[in-house]
Amino acid sequence: METARKQNLYEEVADSISNMVRCGTYRAGERIPSIRAVSRQMRVSITTAMEAYRLLEDRGVVEARPQSGYYVRPVPANTIARPDISKEEMNPVMCCVEEIVDMVFKDSMNPDFIQLGATIPNTELLPVDKLSRCLASSVRRKGDLSVSYSYPGDLKLRTLIARRAAMAGCSLAPDDIIITAGCQEAAFLALNAVCKPGDTVVIQSPAYFNHLQVMQNMNLKVVEIPSNPEDGISMDALRFVLEETAVKACLLIPNFSNPLGCCMPDKNKAVLMKLLAGYDIPLIEDDINGDLCFFHERPRVVKAFDDKGLVILCSSFSKTLAPGYRVGWITPGRYKPAIEHLKVISSLSTSTPPQMAVAEFLAGGGYDHHLRRIRRIYARQVSLLTDAVARCFPEGTNISRPEGGFSLWVEMPEYVDSILLYEQARQNGITIAPGPIFSVRQKFRNYIRLSAAFWSERTHNAIKKLGSLSAQMRKQRIVAESAAGIRKNMVI
Ligand SMILES: Cc1ncc(COP(=O)(O)O)c(C=O)c1O
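Every residue gets a number counted from 1 within its own chain, in the order that chain's sequence is written. Side-chain atom pairs in this predicted model are given and counted only at pLDDT of 80 or more, local residue features only at pLDDT of at least 70, and totals for whole chains, interfaces and linings cover all residues.

K.L.:
Can you tell me about the overall build of the protein chain, naming the residues and giving the values?
P.N.:
A helix here means a DSSP run of H or I that spans at least four residues, while a strand means a run of E at least two residues long, and both kinds are numbered starting from the N terminus. Helices and strands together make up the secondary structure of the protein chain, namely 15 helices and 18 strands. Rg of the C-alpha trace for the protein chain: 24 Å, near the compact-globule value of 23 Å for 492 residues, within the 12% margin. Principal-axis analysis of the C-alpha atoms places the extent of the protein chain at approximately 70 × 65 × 45 Å. Expressed as a percentage of the 492 residues in the protein chain, the buried residues total 48%. Only C-alpha atoms enter the radius of gyration, while the globule expectation follows 2.2 Å times N to the 0.38, with N the number of residues. Here a residue counts as buried when 20 or more other C-beta atoms fall within 10 Å of its C-beta, as exposed when 12 or fewer do, and as partly exposed in between; the C-beta atoms come from the backbone.

K.L.:
Run through the pairing of strand 1 (residues 62–65), naming residues and quoting values.
P.N.:
When strand 1 meets strand 2 (residues 69–72), the two strands line up antiparallel, connected through four bridges. Looking at the pairing, arginine 65 lines up with glycine 69 of strand 2. Connecting strand 1 to the next strand, strand 2, in antiparallel fashion are three residues, including glutamine 67 with a positive phi near 65°. Only strands that DSSP links by at least two bridges are regarded as paired with each other.

K.L.:
Report on helix 12 (residues 352–363), specifying residues and quantitative values.
P.N.:
Expected helix span is taken as 1.5 Å per residue step, with the number of steps being one fewer than the number of residues. Taking 1.5 Å per residue as the helical rise, helix 12 with its twelve residues ought to reach 16 Å, and the 17 Å between its terminal C-alpha atoms agrees with that figure. Among the twelve residues that make up helix 12, ten are buried, leaving the element largely enclosed by the rest of the structure. Among the residues of helix 12, those classed as buried are Thr352, Pro354, Gln355, Met356, Ala357, Val358, Ala359, Glu360, Phe361 and Leu362. Those residues of helix 12 that are buried lie in contact with helix 5 (128–142), helix 6 (155–165), strand 6 (178–180) and helix 13 (367–392). Two residues form a contact once the distance between their C-beta atoms, set from the backbone, is within 7 Å.

K.L.:
Kindly report on the domain arrangement of the protein chain, identifying the contributing residues and their values.
P.N.:
For every domain, the bounds stem from an assignment made automatically or drawn from a database. As far as domains go, the protein chain holds domain 1 (9–72), domain 2 (98–122 + 370–491) and domain 3 (126–367). On a C-alpha basis, the centroid separation for the pair domain 2 and domain 3 is 28 Å. Listed by partner, the interface residues are 25 residues for domain 2 and 30 residues for domain 3. At six residues, the largest contribution of residues to the side of domain 2 that touches domain 3 is made by helix 13. The residue inventory of the side of domain 2 that touches domain 3, partitioned by class, reads 13 nonpolar, seven polar and five charged. Each residue is assigned to one class: nonpolar for Ala, Val, Leu, Ile, Met, Phe, Trp, Tyr, Cys and Pro, charged for Asp, Glu, Lys and Arg, and polar for all the others, Gly among them.

K.L.:
Which residues make up the sheet that holds strand 17 (residues 433–434), and what values go with them?
P.N.:
Remark on secondary structure: sheet strands pair via backbone hydrogen bonds, oriented parallel or antiparallel. Taken together, five strands build an open sheet; the order of strands is 3-14-15-18-17 and the sheet is mixed. Pairing within the sheet leaves two strands with one partner each, and these edge strands are strand 3 (78–79) and strand 17. Sheet topology note: the strand 14 (residues 398–399)/strand 15 (residues 407–411) ladder contains two bridges and is antiparallel. The partner of isoleucine 399 across the bridge, within strand 15, is valine 410. A fitted line through C-alpha atoms represents every axis, and for helices the fit uses only the stretch in contact; the resulting angles, taken between N-to-C directions, go from 0 to 180 degrees. Its contacts with the sheet place helix 13 against strand 14, strand 15 and strand 18 (447–451), and it is angled at close to 20° to strand 15.

K.L.:
Quick rundown of helix 11 (residues 336–347)? Include the residues and the values.
P.N.:
Between its terminal C-alpha atoms helix 11 stretches 16 Å, which fits the 16 Å expected from twelve residues at 1.5 Å a residue. Along helix 11, the residues that are buried comprise Ile339, Leu342 and Lys343. Relative to the axis of helix 11, the buried residues are bounded by an arc of 100° and lie together on one face. Away from the buried face of helix 11 by more than 90 degrees, exposed residues Pro337 and Ile345 are located. Phi turns positive one or two residues past the end of helix 11, at leucine 348, with a value near 60°. An arc is given here, and it is the one of the directions from the helix axis to the C-beta atoms.

K.L.:
Explain the packing of helix 9 (residues 235–244) against helix 10 (residues 266–279) to me, using residue names and the numbers behind them.
P.N.:
The geometry of helix 9 relative to helix 10 is characterised by a closest axis approach of 11 Å and an angle of 0° between their N-to-C directions. Of the possible angle classes, the one that applies to helix 9 and helix 10 is roughly parallel. For the pair helix 9 and helix 10, the contacting residues are Met235, Leu238, Arg239 and Leu242 in the first and Asn268, Val271, Leu272, Leu275 and Tyr279 in the second. Classifying every residue of the contact of helix 9 with helix 10 by side-chain character gives seven nonpolar, one polar and one charged. Angles below 35 degrees are treated as roughly parallel, those above 145 as roughly antiparallel, those between 65 and 115 as roughly perpendicular, and all remaining angles as oblique.

K.L.:
I'd like a rundown of the site of the ligand, residues and numbers included.
P.N.:
As a structural note, the neighbourhood of the ligand is formed by 13 residues, with Gly182, Cys183, Gln184, Ser316 and Ser318 the closest of them. Broken down by element, the shell around the ligand gets its largest block of residues, three residues, from helix 7 (residues 182–194). By convention here, the C-beta atom is placed from the backbone, and a residue is near a molecule or strand when that atom is within 6 Å of it.

What follows is the structure in structure tokens.
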């Protein structure tokens, strides 16, 4: 596991300017503030600002122009284009995903691999010691209660989750919440509560592959709605599908979707809610990344716009505190009886001690401070990963611009076969997530998802290796095409 090195002040200044470039505050060719202005704005010394600008020059983000100042270099990562929805296929198909999904997860447990595949947080960034203390003290204090079932979940934890939901625009009571074994179980319960085999579910495309696996297991049909890299699913495409198809549920990750990392604007959330309410279709909302925003306030959830109990909100502490504690939650809305029943018949209760530990951690008041820290680190790592991919991957590569979370969606030139790249990368001790596992139609053949959970020299070298493996595919393609050309000429 890589260790998270403490940043110098000048690196923080450089990262914050890199972020502004990445999210378009300063565009290629534009002048950035002078060293003096930055020193004033960011309350750092002139020397620190100079160091930061030197670092930005080294990273190739800016260039100095004599007598004129510093300008954003015109070689930034190309962004992924909006999908052309007129060319998308949007009829339901049976859900079927590849075994690679299981492999990506299994490989994430193997410390010998350089982890660019699964989006599992870097444990170095998690408050392990504090959580362990909370676990020990709460179990000691609660005695018998700590070994008992805790259905529908620890009351203190449900109360604190309900309080935090206000930041996402929701007014919830502890009784509106059931504690689950992670967000995955929450989505599983929600799908099972509202769908039966053969039903059709609308999802965003690219979609999170574990959601696809659950739907495959339930024999559901899926309609993939193309997602825009800036604002999430295409509302026009969704409108069209709802008019044409009998849809049973909609499953989305509106905030910092996995893998695109984009955030649906509030305006679209309100439209989405109105649209679904018009057809009385439930929305299963996965908000696991909602707390991991880079730039602004924590975004609202679609549930905040729901006055009919149609949204089933699912989330967990897996990305921010402890994936291994398996503490997540679901707000079942009007589907409460069905979801309560499913939770009881599947696992009776979520494990009690981790719930107590998380409740004690939240009550201690350090969670927001912790969130601010990891948001900064993930924003920086996403930025570094973007820079490295832009530099090391072949020409024609386009990269998403996530506003939260820690995954990067990378579109490579047509000649790159991401399944082949996945296999070659594995042979070189690197895991990645190949594009086709994010689609029921096995689209995204030349795309990969990379995780920015870890960053080190080793990760950087892995990116270089992936770049050279991809570039070799172009040569192999040229050789194959010319061989095919020769064969054709011989036949003639
Ligand atoms: C979008 C999304 N939903 C759900 C999960 C599963 O979360 P949990 O570990 O809380 O079950 C993940 C894990 O990576 C995820 O990325």
